[in-house]
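What the coordinates show
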Amino acid sequence: MPESVQKLKGRHRVSALSRLARQAAKVSSMKAGVNVMQFEKTESGVPRPFEDVFWSVSHKPGVVAGVVSRSPVGIDVEQVRPVSGRLFERIVTPEEQSRFSSPDREQIFFRTFTAKEAVLKRFGRGIESLSMVQAVEDKGEDGLVLAFGDENVRVCQFYLDDYIASVT
């Protein structure tokens, strides 16, 4: 992260990270041969497609991510770190946990959480809808399959150092 962003505090830091994440989405659009000129959101905070190109961004201190697509898309990124048992149980159901071959709780938690967030972003929903998304299949290195309503959604997952990104 640029030193100028590291020095910022609170809302200003989030705003700077958001701008950097939009720059990442711009790079994604250029690599895909799609020139997205605007990254605007609706009144409810959902990314507004630009000329039939959908976009999504995510940012945390230390990393930003952005993606564009010709169909609805979602991305989320998190740093893998220890989580409390209570938080784990709020996000990952026992049924979901049984779908994973790995016993690593932090990996299970952040794979599940980022995948659910990416799916919610794809459908223009907020975190309050988190319980409506369920992990139904672990595809190992190929990601996860999640159910949202009547639809199964494939989520690709990528690792960079101690971060995980999920993309629908």
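Residues numbered from 1 in each chain as written. Predicted model: local features only at pLDDT ≥ 70, side-chain atom pairs only at ≥ 80, totals over all residues. Heavy atoms only, no water.

Here's the deal with the packing of aromatic side chains
In this structure the tally under the stated criterion is five aromatic pairs. Ring plane angle 35 degrees and centroid distance 6.3 Å describe the contact between Phe88 and Phe109, whose orientation is recorded as tilted. With Phe88 in helix α3 (residues 85–91) and Phe109 in helix α5 (residues 105–122), the pair connects residues that are 21 residues apart, well separated along the chain. Taken together, the aromatic side chains of Phe88, Phe109, Phe110 and Phe113 make up a single cluster linked through ring pairs. The cationic tip of Arg105 hangs over the ring face of Phe88; the distance from NZ or CZ to the ring centre is 4.0 Å. (Phe/Tyr/Trp six-rings, centres within 6.5 Å; stacked < 30°, edge-to-face > 60°. Helix = DSSP H or I, 4+ residues; strand = E, 2+ residues; numbered from the N terminus. Lys NZ or Arg CZ within 6 Å of the ring centre and 35° of its normal.)

Digging into the pattern of salt bridges
Under the counting rule described, the total for this entry stands at nine salt bridges. Here Lys121 makes a salt bridge to Asp76, at a shortest N to O gap of 3.8 Å. You can see Lys121 sitting in helix α5 and its partner Asp76 sitting in strand β3 (residues 75–79), a full 45 residues away along the chain. A relative accessible area of 25% means that Lys121 is categorised as partly exposed. Arg111 is paired through a salt bridge with Asp138; the nearest N and O atoms lie 2.9 Å apart. Of this pair, Arg111 sits in helix α5 while Asp138 is found in strand β4 (residues 133–138), placing the two residues 27 residues apart along the sequence. Classification of Arg111 by relative accessible area gives buried; the value is 8%. Owing to a relative accessible area of 18%, Asp138 belongs among the buried residues under this scheme. Look at the salt bridges and you will find they share partners, linking Lys60, Glu78 and Arg81 into a network. (Salt bridge = Lys/Arg side-chain N within 4 Å of Asp/Glu carboxyl O. Buried < 20%, exposed > 50% of the residue type's maximum accessible area, 1.4 Å probe, protein only.)

Some remarks on the environment of Ala135
Assignment of secondary structure puts Ala135 in strand β4. Counting along the chain gives ten residues from Ala135 to Val145, while the straight-line C-alpha distance between them is 6.1 Å. Discounting residues that sit within four places of it in the chain, Ala135 has contacts with Glu96, Arg99, Val145 and Leu146. (Contact = heavy atoms within 4.5 Å.)

A word on the sheet that holds strand β5 (residues 144–148)
Spatially, the five strands line up as an open sheet ordered β3-β7-β6-β5-β4, and their pairing is antiparallel. Since the sheet does not close on itself, it has two edges, and those belong to β3 and β4, each with one partner. With direction set aside, neighbouring strand axes in the sheet form an average angle of 30 degrees. Across five bridges, the pairing between strand β6 (residues 151–160) and strand β7 (residues 163–167) is antiparallel. Bridging across to β7, Tyr159 finds its partner in Ile164. Packed onto the sheet, α5 meets β3, β4, β5, β6 and β7 and runs at close to 155 degrees relative to β3. (Pairing = 2+ DSSP bridges. Axes fitted to C-alpha atoms, helices over the stretch in contact; angles between N-to-C directions.)

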